Amino acid sequence: MVKIGDQGEVKCAIGLMSGTSMDGVDAALVYTDGVRVERLGPSLTLPYTPEMRDALKEAIHIASAAAVPVDTPAEIKLIEQELTDRHSEAVFELLSVTGQSPDTVDLIGFHGQTISHRPDRGWTWQIGDGGRLAGQTGIKVINDFRAADMVEGGEGAPLVPIYHAAMFARAQRHKTVAVLNLGGVANVTWLSFDDDMANIQMIAFDTGPGNAVLDDWAQLHTNQSYDEGGNLSGRGISHQEVVMGMMATSYFDEAPPKSLDRDDFNIQAVRGLSAEDGAATLADFIVESVVAAQGHFPTPPEAWYVCGGGRHNATLMRRLRRRMPVLVDPVEVIGMRGDALEAEAFAFLAVRSERGLPLSFPETTGCEKPMSGGVAHLPKRRLRTFR
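Attention here is on the structure that accompanies the text. (Residues numbered from 1 in each chain as written. Predicted model: local features only at pLDDT ≥ 70, side-chain atom pairs only at ≥ 80, totals over all residues. Heavy atoms only, no water.)

Membership of the largest hydrophobic core comes to 45 residues, with the highest contact counts inside it found for Phe 145, Ile 162, Tyr 163, Phe 168, Leu 191 and Met 202. Every element with two or more residues in this core is listed here: β2 (11-18), β3 (24-32), α5 (161-171), β8 (176-182), β9 (185-193), β10 (199-209), β11 (303-307) and α11 (341-355). Here the element with the most residues in this core is α11; it accounts for nine residues. Contacts of Met 202, omitting those with residues within four sequence positions, involve Val 2, Pro 161, Ile 162, Ala 165, Thr 189, Trp 190, Leu 191, Phe 361, Glu 363 and Thr 364. Membership of the second largest hydrophobic core comes to 42 residues, among which are Leu 182, Ala 186, Leu 273 and Phe 285. (Core = buried A, V, L, I, M, F, W, Y, C linked by side-chain atoms within 4.5 Å. Buried < 20%, exposed > 50% of the residue type's maximum accessible area, 1.4 Å probe, protein only. Helix = DSSP H or I, 4+ residues; strand = E, 2+ residues; numbered from the N terminus. Contact = heavy atoms within 4.5 Å.)

Spelled out as structure tokens, the structure:
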């Protein structure tokens, strides 16, 4: 059982998230003490330019050849600066929506961009300069959320489950629920609450591929950065023998906690298929890997709620509903924001980090004990003025 923590002072925090789909910066304002969410402020997405996406893909390519994430190459340092500046723009854009000045915000939770995740080697690599962001915004920044977990034997991911627990305890809709994040990589949080919603049983892990494989396939065949609305995959015929071949990997049988890198699954198995059939087959692969995840739950969930960009893919959602024995709906039906949920989570985690509360747990990442984490950066000077 996991206890979220004791209540404390409510802080105004901004969370920033750039996921493995690399489509832009999600920013969200949250009022929280790191235990309960008092209220949610505005959220937005600042899209990346095609050039920024290409730069991030190049950083991933460079990182994939590294044995360990040290001695950051000059090319990645330049990309990191551009990435940080884009996050700074997202902060000021969010503040302009609210009419607030930076001195009304207590903290920024800055996830950065994952360019390599190798828990098998005991490391993970997120780029993003916390000191630079603090200087540009004039707001205290907390980043590097994953390293402490990995020092204690954890996978470093996923970190959002404790926020899922807080939000679903607040909603008080189900005693047992599965929260599916269809990002570049897909992950699930299984939650079971006791009668007073105070103690929580929680399991979390990466289920398998997410939008990344469909994005890469769509980019290759249509010159579009993703399968918009599931239109490409919805027109194709799934090749079940290919799906079954991809499902034969041992990852799906491994007990959680477990996590994946963006490119642990790729599009090689569907090369040679038409654009439509390849997309349909990849969509079925994503769905089947989620279905397989149910085998690791202690008890079946009463419902599945979906967040992340993949919930906009009508083909994925239709096939998930067909394969699941219970309700499958986007998180919006219970008043949550599926595009902002992970950004909100890093605002929440920043407050927990400042309070020294755990961000990860043996049940979510495999760490030896509940672990706090994060590195704080105080603003030394203001590089930009609020507009």
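All right, on to the packing of helix α2 (residues 74-98) against helix α3 (residues 130-137) then. As a packed pair, α2 and α3 sit with axes 9 Å apart at the nearest point and diverge in direction by 35°. Like other packed secondary-structure pairs, α2 and α3 cross with a definite hand, here right-handed. Counted together, Gln 81, Thr 84, Asp 85, His 87, Ser 88, Val 91 and Phe 92 of α2 and Arg 132, Leu 133, Gln 136 and Thr 137 of α3 form the full contact between these two elements. Classifying every residue of the contact of α2 with α3 gives three nonpolar, six polar and two charged. (Axes fitted to C-alpha atoms, helices over the stretch in contact; angles between N-to-C directions. Left-handed = near helix turned anticlockwise from the far one by under 90°. Nonpolar A, V, L, I, M, F, W, Y, C, P; charged D, E, K, R; others polar.)

Here we come to the pairing of strand β6 (residues 123-127). Among the five residues of β6, five are classified as buried, and the element is accordingly described as predominantly covered. Both faces of β6 are covered, namely the face carrying Trp 123, Trp 125 and Ile 127 and the face carrying Thr 124 and Gln 126. The pairing of strand β5 (residues 107-118) with β6 spans five bridges and is antiparallel. By the bridge assignment, His 117 is partnered in β6 with Thr 124. (Pairing = 2+ DSSP bridges.)

Attention now moves to the environment of Tyr 48. Locating Tyr 48 in the fold gives a position in the loop between β4 (37-47) and α1 (50-64). Residues Tyr 48 and Gly 24 lie 24 residues apart in sequence; the distance between their C-alpha atoms is 4.5 Å. Each residue touching Tyr 48, except ones within four places of it in the same chain, is listed here: Ser 18, Met 22, Asp 23, Gly 24, Val 25, Arg 53, Leu 56, Leu 83, Arg 86, His 87 and Gln 113. Of the polar contacts made by the side chain of Tyr 48, one reaches the side chain of Ser 18; its length is 2.7 Å. (Polar contact = N/O pair within 3.5 Å; in protein donor to acceptor, adjacent residues only side chain to side chain.)

Once that is clear, we can look at the pattern of salt bridges. Per the stated rule, a full pass over the model turns up 17 salt bridges. Where Arg 118 meets Asp 264, a salt bridge forms, and the shortest distance between an N and an O atom there is 3.1 Å. With Arg 118 in strand β5 and Asp 264 in the loop between α8 (240-247) and α9 (275-293), this pair connects stretches of sequence that are 146 residues apart. The salt bridge partner of Asp 339 is Arg 311, with a shortest N-O separation of 2.8 Å. Of this pair, Asp 339 sits in the loop between β12 (327-330) and α11 while Arg 311 sits in the loop between β11 and α10 (314-323), placing them 28 residues apart in sequence. (Salt bridge = Lys/Arg side-chain N within 4 Å of Asp/Glu carboxyl O.)

Now for the pairing of β10. Across the eleven residues of β10, nine count as buried, placing the element largely inside the fold. The pairing of β9 with β10 spans nine bridges and is antiparallel. When the bridges of β10 are listed, Thr 189 appears paired with Ala 204.

To continue, consider the side chain of His 111. With respect to the secondary-structure elements, His 111 resides in strand β5. Among the polar contacts listed, one links the side chain of His 111 to the side chain of Arg 146, at a separation of 2.9 Å. Beyond its immediate stretch of four places on either side in the chain, His 111 contacts Leu 16, Met 17, Ser 18, Gln 126, Phe 145, Arg 146 and Phe 346.

Moving on, we come to the side chain of Glu 155. On the secondary structure map, Glu 155 appears in the loop between α4 (147-151) and α5. Buried and without a salt bridge, Glu 155 has Arg 118 as its closest oppositely charged side chain, separated by 8.8 Å. If we skip the residues at most four places from it in the chain, Glu 155 touches His 117, Pro 119, Asp 149, Met 150, Pro 257, Lys 258, Ser 259 and Thr 365. (Lys, Arg positive; Asp, Glu negative; His and termini not counted.)

As a further point, take the packing of aromatic side chains. Going through the model one piece at a time under the given rule, you end up with twelve aromatic pairs. Cluster of aromatic residues (ring-pair linked, three or more members): Trp 190, Phe 205, Phe 297 and Trp 304. Sitting over the face of the ring of Tyr 31, Arg 39 holds its NZ or CZ atom 3.8 Å from the ring centroid. Taking the ring centre of Tyr 251 as reference, the NZ or CZ of Lys 258 above it sits at 4.4 Å. (Phe/Tyr/Trp six-rings, centres within 6.5 Å; stacked < 30°, edge-to-face > 60°. Lys NZ or Arg CZ within 6 Å of the ring centre and 35° of its normal.)

This part takes up the environment of Trp 304. Relative to the elements of secondary structure, Trp 304 occurs in strand β11. Sequence separation between Trp 304 and Trp 190 is 114 residues; the distance between their C-alpha atoms is 9.3 Å. Once you skip the residues sitting within four places of it in the chain, Trp 304 turns out to touch Ala 178, Leu 180, Val 188, Val 290, Gln 294, Phe 297, Met 324, Val 326, Leu 327, Val 328 and Asp 329.

Another point: the packing of α1 against α2. Axis separation between α1 and α2 bottoms out at 10 Å; the angle between their running directions is 140°. The pairing of α1 with α2 is recorded here as oblique in orientation. Considering the relative orientation of α1 and α2, their crossing is left-handed. On α2, the residues that touch Met 52, Ala 55, Leu 56, Ala 59, Ile 62 and Ala 63 of α1 are Glu 75, Ile 76, Ile 79, Glu 82 and Leu 83. (Parallel < 35°, antiparallel > 145°, perpendicular 65-115°, else oblique.)

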